[in-house]
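The chain contents come next:
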Amino acid sequence: AQSVTQLDSHVSVSEGTPVLLRCNYSSSYSPSLFWYVQHPNKGLQLLLKYTSAATLVKGINGFEAEFKKSETSFHLTKPSAHMSDAAEYFCVLTGGSYIPTFGRGTSLIVHP
Amino acid sequence: EAGVTQSPTHLIKTRGQQATLRCSPISGHTSVYWYQQALGLGLQFLLWYDEGEERNRGNFPPRFSGRQFPNYSSELNVNALELEDSALYLCASSLRFQRSASTDTQYFGPGTRLTVL
């Protein structure tokens, strides 16, 4: 069985400060990992993905994530938060199954 | 390139009625996935279609069903609607599952907001 744990249900930052959204995974297979963002009442937009190539993955809008096998983590970071980054973020795992496993989501709040 | 489209955007039904939701995948994608996103419950996997066949279904009752057409578009049908079926229903598409499916990226549509009164 595989699982994804997003360690924070809410993260609050000030505009211009760094963002860290944490994701741990568990899988018996080589994982593929994704981060998606969802703005209110919208679908999910792919931010970035890891598929066993480079462990540091760069995505859209200045986001990046680092795959750490020893820590079974895939944390999402951004050096400087923007008001438009306020949204729900989902960490997603595939590997060994055609059905993705979604984390419960982290709500990012950005204060002016 | 057009993305995944879903219709209608909003749907209001009453208990006991049937709802039909539609999804058109990205051109060239043969797999379609359906998810339910109810308040407080996260994304729950509903159904997966590929090449016209149902490949897998999540832990939902049989009144949730669907199909995939020869052009790879898909319908989700929900019969005997209940209040707790109120949710955002998301459709996603990806490439053919035979191609290293575990790495294939899913691309999501904007969703259909179903409200059951």
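Here the structure is shown first, and the text comes after it.
Presented here is a report on the structure given in the accompanying data block. (Residues numbered from 1 in each chain as written. Chains lettered and ligands numbered in written order. Predicted model: local features only at pLDDT ≥ 70, side-chain atom pairs only at ≥ 80, totals over all residues. Heavy atoms only, no water.)

### Considering the state of the cysteines
All names here are of chain A.
Argument step 1. Inspection of every chain in the model, using the stated rule, returns two disulfides over all chains.
Argument step 2. In this model C23 forms its disulfide with C91; the gap between the sulfur atoms is 2.0 Å. As the torsion about the S-S bond is roughly -65°, the C23-C91 disulfide counts as left-handed. Placement of C23 in strand β4 (residues 23-26) and of C91 in strand β10 (residues 87-94) is noted, with a sequence separation of 68 residues between them.
Argument step 3. The exposure class assigned to C23 is buried, which follows from its relative accessible area of 0%.
Argument step 4. Exposure remark for C91: the relative accessible area of 0% places this residue in the buried category. (Disulfide = S-S within 2.5 Å. Helix = DSSP H or I, 4+ residues; strand = E, 2+ residues; numbered from the N terminus. Buried < 20%, exposed > 50% of the residue type's maximum accessible area, 1.4 Å probe, protein only.)

### Here's the deal with the environment of L7(A)
Residues and elements named next belong to chain A.
Argument step 1. By secondary structure assignment, the location of L7 is in the loop between β1 (3-6) and β2 (10-14).
Argument step 2. Counting along the chain gives 98 residues from L7 to G105, while the straight-line C-alpha distance between them is 9.1 Å.
Argument step 3. In contact with L7, other than residues within four places in its own chain, are R22, N24 and H75. (Contact = heavy atoms within 4.5 Å.)

### A closer look at the interface of chain B and chain A
Interface size is commonly expressed as the accessible area that is lost once the parts come together.
Argument step 1. Facing 23 residues of chain B, the contacting portion of chain A comprises 20 residues.
Argument step 2. At the junction of chain B with chain A, the criterion picks out zero salt bridges.
Argument step 3. Joining chain B to chain A, the criterion identifies three residue pairs in polar contact (both at pLDDT 80 or more).
Argument step 4. Looking at the side of chain B that touches chain A, the elements with two or more residues in it are β4 (31-38), β5 (42-50) and β9 (87-94) of chain B.
Argument step 5. Ranked by residues supplied to the side of chain B that touches chain A, first place goes to β5(B) with four residues.
Argument step 6. Looking at the side of chain B that touches chain A residue by residue, the classes come out as twelve nonpolar, nine polar and two charged. (Salt bridge = Lys/Arg side-chain N within 4 Å of Asp/Glu carboxyl O. Polar contact = N/O pair within 3.5 Å; in protein donor to acceptor, adjacent residues only side chain to side chain. Nonpolar A, V, L, I, M, F, W, Y, C, P; charged D, E, K, R; others polar.)

### Quick look at the pattern of salt bridges
All names here are of chain B.
Argument step 1. Per the counting criterion, the structure on display carries eight salt bridges over all chains.
Argument step 2. Across the pair D50 and R55 runs a salt bridge, and its minimum N-O distance is 3.9 Å.
Argument step 3. Given the relative accessible area of 0%, D50 is considered buried.
Argument step 4. A salt bridge links R63 to D85, with the shortest nitrogen-to-oxygen separation between them at 2.7 Å. In this pair, R63 sits in the loop between β6 (53-57) and β7 (64-68) while D85 sits in the loop between β8 (74-78) and β9, placing the two residues 22 residues apart along the sequence.
Argument step 5. Classification of R63 by relative accessible area gives buried; the value is 16%.
Argument step 6. Overlapping salt bridges, with partners in common, bring together R22, R67 and E75 in one network.

### Things to note about the side chain of H29(B)
Residues and elements named next belong to chain B.
Argument step 1. Examined against the element boundaries, H29 turns out to sit in the loop between β3 (19-24) and β4.
Argument step 2. Only 3.4 Å separates the side chain of H29 from the backbone nitrogen of S94, close enough to count as a polar contact.
Argument step 3. Ignoring any residue separated from it by four or fewer positions in sequence, one finds H29 in contact with Y72, S93, S94, L95 and Y107.

### Here we look at the nonpolar core
Argument step 1. Judged by nonpolar contacts, the single largest core of 26 residues is most densely connected at W35(A), L48(A), F74(A), L76(A) and Y89(A).
Argument step 2. With four residues, β10(A) is the largest single contributor of residues to this core.
Argument step 3. With sequence-adjacent residues up to four places away left out, L76(A) is seen in contact with V19(A), L20(A), L21(A), W35(A), L47(A), L48(A), F63(A), E64(A), A65(A) and Y89(A).
Argument step 4. By size, the runner-up hydrophobic cluster in this structure holds 22 residues, among which are V4(B), A19(B), V32(B) and L47(B). (Core = buried A, V, L, I, M, F, W, Y, C linked by side-chain atoms within 4.5 Å.)

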